[in-house]
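# Residue-level structure breakdown
The residues making up each chain are set out below.
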2 protein chains.
Amino acid sequence: MAEVRVIEIHESITAANDLAADMIREQLKEQGTLFLNVMSGPGSGKTTTLSAVINALKGEFRIGEMDVDIESSIDAGKVADATGVETLQIHNGGLCHIDADMVSRALLEYDTEGLDLLILENIGNLVCPAEFDTGAHKRIMLLSVPEGDDKPLKYPLMFSTSDVVLINKIDTMDYFDFSMEKVRERILSLNPKAKIFPISAKTGEGLPEVLDWIRGEIAALKN
Amino acid sequence: MAEVRVIEIHESITAANDLAADMIREQLKEQGTLFLNVMSGPGSGKTTTLSAVINALKGEFRIGEMDVDIESSIDAGKVADATGVETLQIHNGGLCHIDADMVSRALLEYDTEGLDLLILENIGNLVCPAEFDTGAHKRIMLLSVPEGDDKPLKYPLMFSTSDVVLINKIDTMDYFDFSMEKVRERILSLNPKAKIFPISAKTGEGLPEVLDWIRGEIAALKN
């Protein structure tokens, strides 16, 4: 291998929103609403996956969804169209994340009383969203097969702070050089407790296991 | 369409690095080095594309490459292995971008004198890198087919500030619902001067046009 020189250029990142996040988490727990923060890079299939999940669960639970984007309302519109649930589009004006303070402001506009499940579709980004506690009870991330099996090595914080990793677009495994075994190893070495579900939001493969996990988390929160 | 409510949550972003960027640009122009800033979301194929471009041009030009990642050195290693050129891996310690100040510090470690072409592989992210002038003469972005043709609507700043948009992984067009016509319209409505090249870094399709564009830019810089 040719020589690679490395220089470290670090700056500190302060995330002083832990208190706000804890307040959101506690309030939603008290009212029996499981709050999930769903993250991924652009184009991993968050919107399609969430539409499928909501459609599968909306007969059992009352569900709400909030969607973060820079300035478009495409995703909230897609989810609302596909599922009929009320969605809130949050425009963050060019930031690469949403923090707990922003979620608090969104919750003032969105009545979550009586919801069993509130889903936050974060902005498409594998860096910043991992750094900010949004007040969610659990963090779910998606990695899609076309993105490559090296992504845990390159975006370790996202993988190490997620409770669940969905490996999406497994229907395209034949067309990409992607090792499910390697990606599992890489995720688990960063985060031994991560639950990993290979899925295809398009074909529905693997989704039943994800639905069962969500059902279990809703039940656990309410007990 | 179901009703979608929208709230605006903006914060200001200050990028006070324009002077540093201009100094880099001017210095590299004086020494005859074209500086390209290459951006995309994670897994769009920057590393593979750049390796192919460097291999195709290294007989004609002296080329250097710098690679930005959070903490891994995978990409610089891949490019160095694939091409034999000297690469510099910059670790930005968890930030979602690289700015001109960080590039200046990197250039102190990397001798660019005599290079015809210096390529910066930015961190995989469609939000933050668009906001920071790195001092590059031209900005190139990649969008890959699996990410979807709606991305210009969702990440408009990236598309509107790029001089060139490479649509990569066109060899997988049959497996994804991606309209080249729609993506072209969306890019050009944001950025009428954008040059759009459909390519497959894997098969080499479309790369000759990209190489010709780079040759033209190197010639223009030196005149």
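Up top is the structure.
Presented here is a report on the structure given in the accompanying data block.

One number sums up the size of the largest pocket: a volume of about 840 Å³. As for the largest pocket, its lining consists of 41 residues, of which Glu147(A), Gly148(A), Asp177(A), Thr48(B) and Lys78(B) are closest to the centre. Among the elements of the structure, helix 5 (151–154) and helix 7 (180–190) of chain A together with helix 2 (46–57), strand 3 (63–69), helix 3 (74–83) and strand 5 (117–124) of chain B are those that each provide at least two residues to the lining of the largest pocket. Looking at the lining of the largest pocket, its residues break down into 13 nonpolar, twelve polar and 16 charged. Taken as a whole, the second largest pocket encloses approximately 650 Å³ of empty space. Around the second largest pocket, the lining is made up of 32 residues, and of these Thr48(A), Lys169(A), Pro146(B), Glu147(B) and Gly148(B) lie nearest the centre. Elements with a contribution of two residues or more to the lining of the second largest pocket: helix 2 (46–57) and helix 3 (74–83) of chain A together with helix 5 (151–154) and helix 7 (180–190) of chain B. Considering only residue class, the lining of the second largest pocket consists of seven nonpolar, ten polar and 15 charged.

Before going further, it helps to spend a moment on the relation of the copies chain B and chain A. Least-squares fitting of chain B to chain A yields an RMSD of 0.0 Å, with the superposition described by an axial translation of 0.0 Å and a rotation of 180°. What we have between these two chains is a two-fold relation. A symmetric contact is evident, with 100% of the interface residues of chain B recurring at the interface of chain A.

Contacts between the two partners involve 63 residues from chain B and, on the opposite side, 63 residues from chain A. In total, chain B and chain A occlude about 5,400 Å² of area from one another, counting both sides; carbon and sulfur atoms represent 57% of this. Run the count over chain B and chain A and you get four salt bridges. The partner of Lys78(A) in a salt bridge is Asp150(B), and the shortest N-O contact between them spans 3.3 Å. On the surface where chain B and chain A come into contact, there are nine residue pairs in polar contact (both at pLDDT 80 or more). If you tally residues by element for the side of chain B that touches chain A, the top one is helix 3 of chain B, at seven residues. Taken together, the residues of the side of chain B that touches chain A break down into 29 nonpolar, 15 polar and 19 charged.

Bringing helix 8 (residues 207–222) of chain A into the picture now. All names here are of chain A. Helix length check: helix 8, at 16 residues, gives a terminal C-alpha distance of 23 Å against a target of 22 Å (1.5 Å per residue), a fit within 8%. Those residues of helix 8 that fall on the buried side of the exposure criterion are Leu207, Val210, Leu211, Trp213, Ile214, Glu217, Ile218 and Leu221. Seen along its axis, helix 8 keeps its buried residues to an arc of 160°; they face one direction.

Quick look at the environment of Gly41(A) now. Secondary-structure assignment places Gly41(A) in the loop between strand 2 (34–40) and helix 2. Here the alpha-carbon distance between Gly41(A) and Asn125(A), two residues 84 residues apart in the chain, equals 4.3 Å.

For the rest of this paragraph, the subject is unusual backbone geometry. Residues and elements named next belong to chain A. Non-glycine residue Lys169 carries a positive phi angle of around 65°. Tracing the backbone through its elements, the reader meets Lys169 in the loop between strand 7 (164–168) and helix 7. By relative accessible area, Lys169 is classed as buried at 13%.

Summed over the entire model, instances satisfying the criterion amount to two aromatic pairs over all chains. With centroids separated by 3.4 Å and ring planes inclined at 10°, the aromatic side chains of Tyr175(A) and Tyr175(B) adopt a geometry described as stacked. One end of the pair, Tyr175(A), is in the loop between strand 7 and helix 7; the other, Tyr175(B), is in the loop between strand 7 (164–168) and helix 7, on a second chain. When its relative accessible area of 30% is taken as the criterion, Tyr175(A) is described as partly exposed.

Residues and elements named next belong to chain A. Under the counting rule described, the total for this entry stands at two disulfides over all chains. For Cys96, the disulfide goes to Cys128, at an S-S distance of 2.1 Å. Torsion about the S-S bond of the Cys96 and Cys128 cystine: about -105°, corresponding to left-handed handedness. You can see Cys96 sitting in the loop between strand 4 (87–91) and helix 4 (100–109) and its partner Cys128 sitting in the loop between strand 5 (117–124) and strand 6 (138–144), a full 32 residues away along the chain. The exposure class of Cys96 is buried, given its relative accessible area of 10%. Judged by relative accessible area, which is 3%, Cys128 ranks as buried.

A word on the pattern of salt bridges. Residue and element names in this part refer to chain B. Applying the stated rule across the entire model yields 20 salt bridges over all chains. Arg105 is paired through a salt bridge with Asp101; the nearest N and O atoms lie 3.0 Å apart. With Arg105 and Asp101 both in helix 4 (residues 100–109), this residue pair falls four residues apart, about one helical turn. For Arg105, a relative accessible area of 33% puts it in the partly exposed group. In this structure, Arg215 engages Asp212 in a salt bridge whose closest nitrogen and oxygen atoms are separated by 2.7 Å. You can see Arg215 and its partner Asp212 sitting in helix 8 (residues 207–222), three residues apart, about one turn around the helix. Asp212 sits in the partly exposed class, given a relative accessible area of 48%.

Parameters and conventions
Residues numbered from 1 in each chain as written. Chains lettered and ligands numbered in written order. Predicted model: local features only at pLDDT ≥ 70, side-chain atom pairs only at ≥ 80, totals over all residues. Heavy atoms only, no water. 1 Å grid on protein atoms, 1.4 Å probe; cavity = no way out; pocket = protein on both sides within 12 Å on 5 of 7 lines; lining within 4 Å. Points joined across faces, edges and corners; volume = space filled by probe spheres on them. Helix = DSSP H or I, 4+ residues; strand = E, 2+ residues; numbered from the N terminus. Nonpolar A, V, L, I, M, F, W, Y, C, P; charged D, E, K, R; others polar. Least-squares fit on C-alpha atoms with pLDDT ≥ 70 in both. Contact = heavy atoms within 4.5 Å. Buried area = accessible area lost by both parts, 1.4 Å probe. Salt bridge = Lys/Arg side-chain N within 4 Å of Asp/Glu carboxyl O. Polar contact = N/O pair within 3.5 Å; in protein donor to acceptor, adjacent residues only side chain to side chain. Expected span 1.5 Å × (residues − 1). Buried < 20%, exposed > 50% of the residue type's maximum accessible area, 1.4 Å probe, protein only. Arc of directions from axis to C-beta. Phe/Tyr/Trp six-rings, centres within 6.5 Å; stacked < 30°, edge-to-face > 60°. Disulfide = S-S within 2.5 Å.

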